[in-house]
Amino acid sequence: MKRFAFFSDLIFTFLASALLSLCLFRFLRLSFWFSLLLASLCGGLVMAAVGAYLQSKRKTLLLKRSDEQEKEKLLLHLALLSDSAKTEFFRAFLSQSTPVQRFSLLRLHNERQFYFLHFKLSPVNADDVAKYARLKTGKEKILLCGTIEDPARALCERLHIQIKTGNEVYVLLKKSDTLPKNYLGDEPKTKNKKWKLWFAKSNSKRFLISGTFILLLSFLTPYFYYYILCSLLLISTAVFVRVFGYS
């Protein structure tokens, strides 16, 4: 289905850009067949460029549109969890490789590591790190957190406390298939979606059809330039919405 949508976008882009180019060349009073040849060439070039863009977009948007959103949901979920639930969640996760025991709230340990948990709406600060440093242990100290301030990060490096922030925690949970099934705070939001509806990809056909009809009418009206300009604007909008619009 995704491949069909991809080729559909390419075909639409070719037709729309070729028609747009044809309008432009006819506006310049070139012969119809020469304009058609040039328009086909322009359509092919634009289609190739859009195809390359869409292919790269599919790869780069994976993290932005899915992983990045889910990571933010995870961090909010962890921040909203009670300290007890948070501790148990990470105890179960870390025990998948090596048995981990609870030391106290938000503190876990095994034979070699000692874990501090800090998932709050505010980042880890230097005072928080100082509290972790006071605990005397020969084990490796690891701080699992959402975000951390730069001074706190520098202090962790001085005190040899390893840091794993939200990105790393999310990747670890995802790889082990331990992400929560339902996220706290993930409630449906009521937003004004009018502007998204205007620029929905499905509207590209309407823009293209309107532009085509106005283009045809331009040959039947004395206001030739006005109709050509309107058709160019509509067809350009169709291409823009089809490529950059919302699904």
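Scroll up for the structure.
Note that this is a predicted model, so its numbers are computed, not measured. Numbers given for residues are sequential positions, taken from 1 along each chain in its written order. Confidence filtering applies because this is a predicted model: local features only for residues at pLDDT of at least 70, side-chain atom pairs given and counted only at 80 or more, and all residues used for totals across whole chains, interfaces and linings. Here the side-chain values reflect all heavy atoms present in the structure, with hydrogen atoms and water set aside.

Draft legend 1. Layout of the overall build of the chain. We count a stretch as a helix when DSSP gives it H or I for four or more residues in a row; a strand needs E for two or more, and each element gets its number in order from the N terminus. A tally of regular secondary structure across the chain gives nine helices and five strands. Ordered by position from the N terminus, the helices and strands of the chain form the series α-α-α-β-β-β-α-β-α-β-α-α-α-α. The rule is simple: take the accessible area with a 1.4 Å probe, protein chains only, and divide by the maximum for that residue type; under 20% is buried, over 50% is exposed, in between is partly exposed. In the chain, which comprises 247 residues, the proportion classed as buried is 37%. Any pair of residues with heavy atoms lying within 4.5 Å of one another is described as a contacting pair. In the chain, once contacts between residues fewer than 6 apart in sequence are set aside, the share between residues at least 24 apart is 62%. Accessible surface is estimated by sampling points in the Shrake-Rupley manner with a 1.4 Å probe; for residues, cover comes only from the protein chains shown. Surface accessibility of the chain: about 15800 Å² in total, with carbon and sulfur atoms responsible for 63%.

Draft legend 2. Geometry of the pattern of salt bridges. For salt bridges, the criterion is a side-chain nitrogen of Lys or Arg within 4 Å of an Asp or Glu carboxyl oxygen. Scanning the entire structure with this criterion turns up five salt bridges. Residue Glu88 pairs with Arg91 through a salt bridge whose shortest N-O separation is 2.8 Å. In this pair, Glu88 and Arg91 both sit in helix H3 (residues 83–94), three residues apart, roughly one turn of the helix. Connected through salt bridges with shared partners, the residues Glu68, Lys71 and Glu72 form a single ionic network.

Draft legend 3. Quick look at the pairing of strand E4 (residues 140–145). Most of E4 is tucked away, with five of its six residues classed as buried. The rule for pairing is simple: two strands pair if DSSP sees at least two bridges between them. Bridge count for strand E3 (residues 113–118) against E4 is six bridges, and the pairing is parallel. The residue of E4 that forms the bridge with Phe114 is Lys141. Crossovers are described as right-handed under a simple rule: with the strands pointing away from the observer, the path leading from the first strand over the helix to the second runs clockwise. On the question of chirality, the crossover connecting E3 to the parallel E4 by way of helix H4 (residues 126–133) is right-handed. Of the strand pairs in this sheet, E4 and strand E5 (residues 161–164) are connected by four bridges, and their pairing is parallel. Within the sheet, the bridge partner assigned to Leu143 lies in E5 and is Ile163. With helix H5 (residues 150–158) bridging E4 and its parallel neighbour E5, the resulting β-α-β unit is right-handed.

Draft legend 4. Here's a closer look at a nonpolar patch on the surface. Surface patches are drawn from residues lacking salt bridges whose relative accessible area is over 30%; two like charges belong together within 9 Å, two nonpolar side chains (Val, Leu, Ile, Met, Phe, Trp, Tyr) within 5 Å. A surface patch of nonpolar side chains, about 390 Å² in accessible area, is lined by Leu24, Phe27, Leu28 and Tyr225. Accessibility expressed as a relative area gives 40% for Leu24, which makes it partly exposed.

Draft legend 5. Representation of the packing of aromatic side chains. Centres within 6.5 Å are what make two rings of Phe, Tyr or Trp a pair, Trp counting through its six-membered ring; a difference in plane orientation under 30 degrees is then read as stacked, over 60 as edge-to-face, and the rest as tilted. All told, the structure shown has seven aromatic pairs when counted by the stated rule. A ring pair is formed by Phe89 and Phe90, whose centres lie 5.2 Å apart and whose planes are at 90°; its orientation type is edge-to-face. An identical accessibility class is assigned to Phe89 and Phe90; each is buried. The interplanar angle of 10° and the centroid separation of 5.1 Å between the aromatic rings of Phe90 and Phe119 together place this pair among those described as stacked. With Phe90 in helix H3 and Phe119 in the loop between E3 and H4, this residue pair connects regions lying 29 residues apart in the sequence.

Draft legend 6. Summary view of the nonpolar core. To qualify as a nonpolar core, a set must consist of buried Ala, Val, Leu, Ile, Met, Phe, Trp, Tyr and Cys residues joined through side-chain atoms within 4.5 Å. Within the largest apolar cluster, 21 residues are counted, with the highest numbers of intra-cluster contacts made by Phe90 and Leu144. Among the secondary structure elements, those contributing two or more residues to this core are helix H2 (32–80), H3, E3, E4 and helix H6 (166–175). It is H3 that provides the largest number of residues to this core, a total of four residues. Ignoring anything within four residues of it in the chain, the contact list for Leu144 reads Phe90, Leu94, Tyr115, Phe116, Leu117, His118, Phe119, Lys164 and Val169.

Draft legend 7. Up close: the sheet that holds strand E1 (residues 101–104). Strand order in the open sheet made by the five strands is E1-E2-E3-E4-E5, with mixed pairing throughout. Because the sheet does not close on itself, it has two edges, and the strands there are E1 and E5. For this sheet the average axis-to-axis angle between neighbouring strands, irrespective of direction, equals 30°. Pairing analysis gives three bridges linking strand E2 (residues 107–109) to E3, with the strands arranged antiparallel. Note that in E3 the partner of His109 across the bridge is Phe114. Helix axes use the C-alpha atoms of the stretch in contact, all axes being lines fitted to C-alpha atoms, and the angles between their N-to-C directions lie in the range 0 to 180 degrees.

Nothing here speaks to function; it is geometry throughout.
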